[in-house]
Amino acid sequence: MQTRLHFAALLFTSIAFTQVAQADQLAAIKAKGELVCGTLGTDEPNSFIDAKSRQLVGYEVDLCRAIAQGLGVKPVVKQLAVAARIPELQQGRIDILTASLTHNKEREALIDFSLSTFYTGQRVLVKKSSNITTVAGLAGKKVLTVKGGTQEPNIRKAVPGVDVVTFETAGQAYLGLQQGKGVGYVDDEVSLLNNYAKLGAAQKDYIVLPQNISQEVFAFGIRKGETGVKTAVDQVLRGLEKSGEAEKLFFKWYGPTSNVKFQKRTFKIESDKIDA
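Per chain, residue numbering runs from 1 following the sequence as it is written. Reporting in this predicted model follows two pLDDT cut-offs: at least 70 for local features of residues, and 80 or more for side-chain atom pairs to be given and counted; totals over whole chains, interfaces and linings ignore these cut-offs and use all residues. Each side-chain value is derived from all of the structure's non-hydrogen atoms; neither hydrogens nor water enter the calculation.

In the annotation of an unreviewed UniProt entry, the entry for the protein reads Transporter substrate-binding domain-containing protein, and the organism field reads Janthinobacterium violaceinigrum. UniProt positions are given in the numbering used here, feature names are shortened, and annotations may be inferred rather than shown by experiment. In the Sequence similarities (unreviewed entry) part of its UniProt record, the protein is described as follows: "Belongs to the bacterial solute-binding protein 3 family."

Structure below.
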């Protein structure tokens, strides 16, 4: 009986400690005076290193800064590898993930998500010499993509029998395509179109296949159960949407003057729900 009472006391203490720890994460962020955002730094225009300033910049970096400002703290941007994103968040090395992170049901078991900040798809860039004109034509062919993202499982689902080779960064995969290590390169639409735009005269040697292989909803990752942080982050994002600042940031990084050249914004930052 005494052992059971002791165990029950320990369990109660553990639960209480966990609840306090979760409740205090937002307070801890404010106490240390900084919000640490984990980002990729290799995914233009979401987050990348500016050639002139050598600083991390981009759509998600600007949103990180806006959230930090809303919380009254200093923004700190930490560069991460794709595969390290969720582990770094779970282990407390960063406060939130602003890292081209797809919100899906599988990841909901591991972390929580903010309101959706971007809606996109995934596309394939191929060499014209491959004579491939459709996604289905990639069957049995070698395609290249980044390790640890949703690109690999999505292309495998879209094209059974495709041969996928992964790289540490999307930039390495894209370079691999140029070096002839595969016939296709898979990435999020925005990043792929941005890289395609930089080909210049060499664009004539490549084709962006017209079909999306998936629909992707990006959101910011938050540690599981940290409702205080989620509420605060969502509140800032809603404020940016209401003020029009969110739309300004979209056109700054994705609009007609960017490499992506999107003519309109087809979404609002208003929901954290995704399709099953």
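Visitor: Let's hear about the UniProt feature "domain: Solute-binding protein family 3/N-terminal" (unreviewed entry) in the protein: which residues, and what values?
Guide: Mapped onto this numbering, the UniProt entry gives "domain: Solute-binding protein family 3/N-terminal" (unreviewed entry) at residues 34-257. For residues 34-257, the helix share is 34%, the strand share is 29%, and the end-to-end C-alpha distance is 32 Å. Helix numbers and strand numbers start at the N terminus; a helix is a DSSP run of H or I with at least 4 residues, a strand a run of E with at least 2.

Visitor: Describe the pairing of strand S10 (residues 184-188), with residues and values.
Guide: Only protein chains enter the accessibility calculation, which uses a 1.4 Å probe; a residue is then buried when its area is under 20% of its type maximum, exposed when over 50%, and partly exposed in between. With respect to burial, S10 is a largely interior element, five of its five residues being buried. When DSSP locates at least two bridges between a pair of strands, those strands are taken to pair. As judged from the five bridges shared by strand S7 (residues 111-127) and S10, these two strands associate in the antiparallel manner. Bridging across to S10, Leu 125 finds its partner in Tyr 185. The pairing of strand S8 (residues 142-146) with S10 spans two bridges and is parallel. Directly across from Val 143, in S10, lies its bridge partner Gly 184.

Visitor: Kindly report on the sheet that holds strand S4 (residues 56-57), identifying the contributing residues and their values.
Guide: Read across the sheet, three strands follow the order S2-S3-S4 without closing on themselves; strand pairing throughout is antiparallel. In this open sheet, the two strands that pair with only one neighbour each are strand S2 (42-43) and S4.

Visitor: Quick rundown of the packing of aromatic side chains? Include the residues and the values.
Guide: The criterion for an aromatic pair is that two Phe, Tyr or Trp rings (for Trp, the six-membered ring) have centres within 6.5 Å, with stacked assigned to planes under 30 degrees apart, edge-to-face to planes over 60 apart and tilted to the rest. For the structure on display, the rule yields 14 aromatic pairs. Ring geometry for Phe 250 versus Tyr 254: centroids 5.2 Å apart, planes at 40 degrees, classification tilted. Of this pair, Phe 250 and Tyr 254 are both found in helix H9 (residues 245-254), four residues apart, which corresponds to roughly one turn of the helix. Of the two residues examined, Phe 250 and Tyr 254, each falls in the buried class. On the basis of an interplanar angle of 20 degrees and a centroid distance of 6.4 Å, the ring pair of Tyr 254 and Phe 262 is categorised as stacked. There is no split in this pair, since Tyr 254 and Phe 262 are both buried. Ring pairing ties together the aromatic residues Tyr 59, Phe 118, Tyr 119, Phe 218, Phe 250, Phe 251, Tyr 254, Phe 262 and Phe 267, which thus form one cluster. For Arg 265, the ring lying beneath its charged end belongs to Phe 267, and the centroid distance is 4.9 Å. By definition, being over a ring means that NZ of Lys or CZ of Arg is both within 6 Å of the ring centre and within 35 degrees of the ring normal.

Visitor: Outline the state of the cysteines, listing residues and values.
Guide: For this text, the term disulfide refers to a pair of cysteine sulfurs within 2.5 Å. Applying the stated criterion across every chain yields a total of one disulfide. Bridging Cys 37 to Cys 64, the disulfide has an S-S length of 2.2 Å. Here the S-S torsion is close to 90 degrees, and the disulfide linking Cys 37 with Cys 64 is therefore right-handed. Placement of the pair is Cys 37 in strand S1 (residues 34-39) and Cys 64 in helix H2 (residues 59-71), with a sequence separation of 27 residues. Classification of Cys 37 by relative accessible area gives buried; the value is 0%.

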